[in-house]
Amino acid sequence: MDSINITGAKILFTIPVFGGIRITETQVNSWIVIFGIFILCLVLTRGMTARGVSKRQAAAEWIVEQVTKLVRENMGEEFVPWAPFICAILGLSGFSSLSALLGMYPPTADLNTIAGWSILVFSLITFYKIKTNGFLGYLKGYTEPIKIFTPFNILSELGTPISMTFRHFGNVVSGVVISTLVYAALASLSTLLLGWLPGLLGKIPFLQVGVPAVLSIYFDVFSSCMQAFIFAMLTMLYIGSAAKSE
């Protein structure tokens, strides 16, 4: 129960098959987030009508319209069917990071989570490059503008999923680390300055009131939503550019 993997997520238990499958906080919390999004979708779309639109339906339609508009503006009209995929990225990333507000270990603080998303996006980028230019044309692209640039072009291509992964992962983890350090420091400072108070008053960490909440608003709310938006934007721009490359 106390073992930890290299990404920081606790290993909750092990299933004794195939040498032992480890189930971590990341996996459990990811399914909780997915289930939560599923329930939200059911609530927003329940009892939809053509007339007398409810507030729930209006909210659902607004989300669809905004994501569709975002995809159309950044990828083109032909990619409008991709709106559900982009909405899924926004929802999963945003709610995974916001789960920290509930005291959960955010799945986006696990390198495996973001790496998986980035590899998926990289696969789609490669697919559209091959679809647009043909397999030989795709390989030829690594030799442009001159053949000596081939190693650098390969490194640049591989750098796409790596940069997407560490940009998102780094911002989320840095927020978790900074908030934890500040929270612990305020507890120690409160004990140092106010520990002389009699009875229980000397044990209450008064300095932890307020400051952690402000940090949480930035790191857990603003930064989480911003990183979800950035990851979705990069996904749209990379795939859209790959589909139009020649």
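Cut-off values and rules
Residues numbered from 1 in each chain as written. Predicted model: local features only at pLDDT ≥ 70, side-chain atom pairs only at ≥ 80, totals over all residues. Heavy atoms only, no water. 1 Å grid on protein atoms, 1.4 Å probe; cavity = no way out; pocket = protein on both sides within 12 Å on 5 of 7 lines; lining within 4 Å. Points joined across faces, edges and corners; volume = space filled by probe spheres on them. Helix = DSSP H or I, 4+ residues; strand = E, 2+ residues; numbered from the N terminus. Nonpolar A, V, L, I, M, F, W, Y, C, P; charged D, E, K, R; others polar. Core = buried A, V, L, I, M, F, W, Y, C linked by side-chain atoms within 4.5 Å. Buried < 20%, exposed > 50% of the residue type's maximum accessible area, 1.4 Å probe, protein only. Contact = heavy atoms within 4.5 Å. Phe/Tyr/Trp six-rings, centres within 6.5 Å; stacked < 30°, edge-to-face > 60°. Axes fitted to C-alpha atoms, helices over the stretch in contact; angles between N-to-C directions. Parallel < 35°, antiparallel > 145°, perpendicular 65-115°, else oblique. Expected span 1.5 Å × (residues − 1).

K.L.:
What is the right way to read empty space enclosed by the protein from this model?
P.N.:
Vacant regions in the atomic arrangement are exposed by a probe of water-molecule size rolled over the atoms. Within the structure shown, the criterion is met by two cavities of 30 Å³ or more. In this structure, the largest cavity spans a volume of roughly 70 Å³. Taken together, Ser97, Ala100, Pro106, Asn171, Val172, Val176, Phe219, Asp220, Ser223 and Ser224 form the lining of the largest cavity. Elements with a minimum of two residues in the lining of the largest cavity: helix H5 (150-194) and helix H6 (211-244). Ranked by residues supplied to the lining of the largest cavity, first place goes to H6 with four residues. Tallied by class, residues from the lining of the largest cavity come to five nonpolar, four polar and one charged. Of the pockets and cavities examined, the second largest cavity occupies roughly 30 Å³. Taken together, Met164, Arg167, His168, Gln227, Ile230, Phe231 and Leu234 form the lining of the second largest cavity. By residue number, the principal contributor to the lining of the second largest cavity is H6, which donates four residues. When its residues are assigned to classes, the lining of the second largest cavity shows four nonpolar, two polar and one charged.

K.L.:
Help me out: how do you make sense of the nonpolar core in this one?
P.N.:
It is characteristic of soluble globular proteins that their nonpolar side chains tend to be buried jointly. In terms of nonpolar packing, the biggest core is built from 24 residues, with Val71, Phe79, Phe231, Met236 and Ile239 touching the most fellow members. Other than its neighbours up to four places away in sequence, Phe231 contacts Ile89, Ile114, Trp117, Ser118, Val121, Met164 and His168.

K.L.:
Just checking my understanding: could you explain the packing of aromatic side chains for this structure?
P.N.:
Describing an aromatic ring pair means giving the distance of the ring centres and the angle of the ring planes. Following the criterion strictly, the structure yields nine aromatic pairs and no others. Geometrically, the ring pair formed by Phe79 and Trp82 is tilted, given 6.1 Å between the ring centres and 55 degrees between the ring planes. Accessibility assignment for this pair places Phe79 and Trp82 in one class, buried. Ring geometry for Tyr138 versus Tyr142: centroids 5.3 Å apart, planes at 80 degrees, classification edge-to-face. For Tyr138, a relative accessible area of 12% translates into the label buried.

K.L.:
What's the story with the packing of helix H2 (residues 55-75) against helix H3 (residues 83-98) in this structure? I'm lost.
P.N.:
When two helices pack together, their arrangement is given by the angle between the helix axes and the distance between those axes. Between H2 and H3, whose axes approach to 9 Å, the crossing angle comes to 105 degrees. When the axis of H2 is compared with that of H3, the two are roughly perpendicular. Note on element contacts: H3 touches H2 through Ala83, Ile86, Cys87 and Leu90, opposite Ile63, Val67, Thr68 and Val71. Considering only residue class, the contact of H2 with H3 consists of seven nonpolar, one polar and no charged.

K.L.:
Honestly, H3 in this entry has me stumped. Any pointers?
P.N.:
Think of an α-helix as 3.6 residues a turn; residues three or four steps apart then line up on the same face. If you check H3, its first and last C-alpha atoms are 22 Å apart, about what 16 residues at 1.5 Å a residue would give, namely 22 Å. Where H3 is concerned, the buried positions are Ala83, Ile86, Ile89, Gly91, Ser93, Gly94, Ser96 and Ser97.

K.L.:
Help me understand unusual backbone geometry, please; the structure alone is not making it clear to me.
P.N.:
Of the consecutive residues Glu144 and Pro145, the connecting peptide bond is found in the cis state with omega at 0 degrees. Here Pro145 shows up in the loop between helix H4 (111-140) and H5.

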